[in-house]
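What the coordinates show
Listed below are the residues making up each chain.
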Amino acid sequence: MNITTTTANTLDLIGNTPLVRLAGPSEAAGCDIFGKCEFANPGASVKDRAALGIIRDAEASGELQPGGTVVEGTAGNTGIGIALVANALGYRTIIVMPDNQSVEKMDTLRALGAELVTVPPTKFADCNHFVHTSRRLAQETQGAIWANQFDNTANRKAHITGTAVELWEQMDGRIDGFTCAAGTGGTIAGVGMGLKARDETVQIALTDPHGAALYNYFAHGELRSEGSSVAEGIGQGRITANLEGAPIDTQFRISDEEGLAWVARLLREEGLCLGLSSGINVAGAVALGRHLVESGRQDARVATILCDTGFRYLSTLYNPQWLQEKNLPVFDWLKGREA
Ligand code: PMP
């Protein structure tokens, strides 16, 4: 691997993340599984890319002027990415989130200098939903833009021009499959489009958690969800503008238990501390790898996204009491450590 040279600007630290071969998942799949280390971004998640893409796009269109404000409704990683990028470029950040989100995320956003507005959790149809509140706040605030990550396609463009190009180069143009879960859908759609533009035979698979509607949509043409998931940042119930035209060839549905099993193995066997969406993605990549091997591609090479750091979930995924409350298995090494 090349040693990164000195960069002139902190924003250049976003993207160009390392790609790592994952030994356990590769063994389980019977072919090579690679993880793109998005936790290595400055905000420790894949959402730094969307934050930078959206802000740069608003600057280019003239909508965002010097000293302006970026407003977004988000529960976590996007807000953290926006706050960091906005700091670096001299903008204010206002983040609206439901007040049932983890204290860690609220503390992080405040620590980064974002103005935090909390609203009671409610359904999307309610005009007081955090997304609608953020849109209204942006309209009412002088010099503000609404980032609108779900339907602003500057989000997926960051993956078409960034993540997909990096993956293609890092894998020397030999990539047979890519999969990840969708929150806004920016990553799966953008990476899918960027890879297909280079090789239309690359298989793009959606990995969906329970409780989301996209598995049924791509499998049966019907937006219908079943079950539930505690995974944060993924699980979508509609076709966002970022998901429109996403080149999905196949789909897998992965349970929290399967995702957590990979979170545990990757930590204990490979020294990677990740969030649950990464575990679900890895389970999906193993399923896609097996599917390719079964169809005669013994040398298949599959990539997925390691979305964010597990340090963001110490009070949840890595907390035995929380896991027990959710009826989820406690990691072996934490058993008996309940406070
Ligand atoms: N994992 C985590 C932890 C996230 O915060 C997000 C962003 N919502 C995703 C995965 C999904 O990314 P995208 O919004 O690009 O679909």
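Residues numbered from 1 in each chain as written. Predicted model: local features only at pLDDT ≥ 70, side-chain atom pairs only at ≥ 80, totals over all residues. Heavy atoms only, no water.

Describing the domain arrangement of the protein chain
Condition: An automatic or database domain assignment provides the domain bounds reported here. In what follows, residue pairs with any heavy atoms lying within 4.5 Å of each other are defined as contacts. What gets called buried area is simply the loss in accessible area from a 1.4 Å probe that two parts show on being joined, summed for both.
For the protein chain, the assigned domains read domain 1 (10-40 + 163-325) and domain 2 (47-146). For domain 1 and domain 2, the distance between their C-alpha centroids amounts to 25 Å. Each partner contributes to the interface: domain 1 provides 18 residues, whereas domain 2 provides 12 residues. Summing both sides of the interface, domain 1 and domain 2 together bury roughly 1200 Å²; the carbon and sulfur share of this comes to 48%.

A look at the environment of Val293
Operational definition: Counting from the N terminus, the helices are the DSSP runs of H or I reaching at least four residues and the strands are the DSSP runs of E reaching at least two. Any residue under 20% of the maximum accessible area for its type is buried, any over 50% is exposed, and the rest in between are partly exposed; the area is computed with a 1.4 Å probe on protein chains only.
In this structure, Val293 sits in helix 10 (residues 276-294). The class for Val293 is buried, based on a relative accessible area of 17%. For the pair Val293 and Gly30, spaced 263 residues apart in the sequence, the C-alpha separation amounts to 7.0 Å. Those residues in contact with Val293, other than ones at most four positions away along the chain, are Ala29, Gly30, Cys31 and Gln298.

Some thoughts on the nonpolar core
Here is the rule we go by: Put simply, a nonpolar core is a bunch of buried Ala, Val, Leu, Ile, Met, Phe, Trp, Tyr and Cys residues held in one set by side-chain atoms that sit within 4.5 Å of each other.
Leu260, Leu276, Val282, Leu306, Leu317, Tyr318 and Phe331 are the most contacted members of the largest nonpolar core, which totals 40 residues. Counting residues per element, this core draws most heavily on helix 10, which supplies 9 residues. With near-sequence residues (within four places) excluded, Leu317 lies in contact with Leu260, Gly275, Leu276, Trp322, Leu323 and Phe331. Grouped together as the second largest cluster of nonpolar side chains are 23 residues, Ala189, Val191, Val202 and Ala303 included.

Concerning the sheet that holds strand 5 (residues 115-119)
To be explicit about the condition: When DSSP finds two or more bridges between two strands, those strands count as paired. Comment: axis = line fitted to C-alpha atoms, over the contacting stretch for helices; angle = value between 0 and 180 degrees taken between N-to-C directions.
Sheet architecture is open: 4 strands sit in the order 5-4-3-6, paired in parallel fashion. Each end of this open sheet is capped by a strand with a single partner; those strands are strand 5 and strand 6 (144-146). Direction aside, the axes of adjacent strands within the sheet are offset by 20 degrees on average. Examined bridge by bridge, strand 4 (residues 92-98) and strand 5 share 5 bridges and lie parallel to one another. By the bridge assignment, Ile95 is partnered in strand 5 with Leu116. In this fold helix 3 (residues 77-89) packs onto strand 3 (69-73) and strand 4, with an angle of close to 170 degrees to the strand it touches most, strand 4. Strands in contact with helix 5 (residues 130-140) are strand 3, strand 4, strand 5 and strand 6; relative to strand 4, the strand with the most contacts, it is inclined by about 155 degrees.

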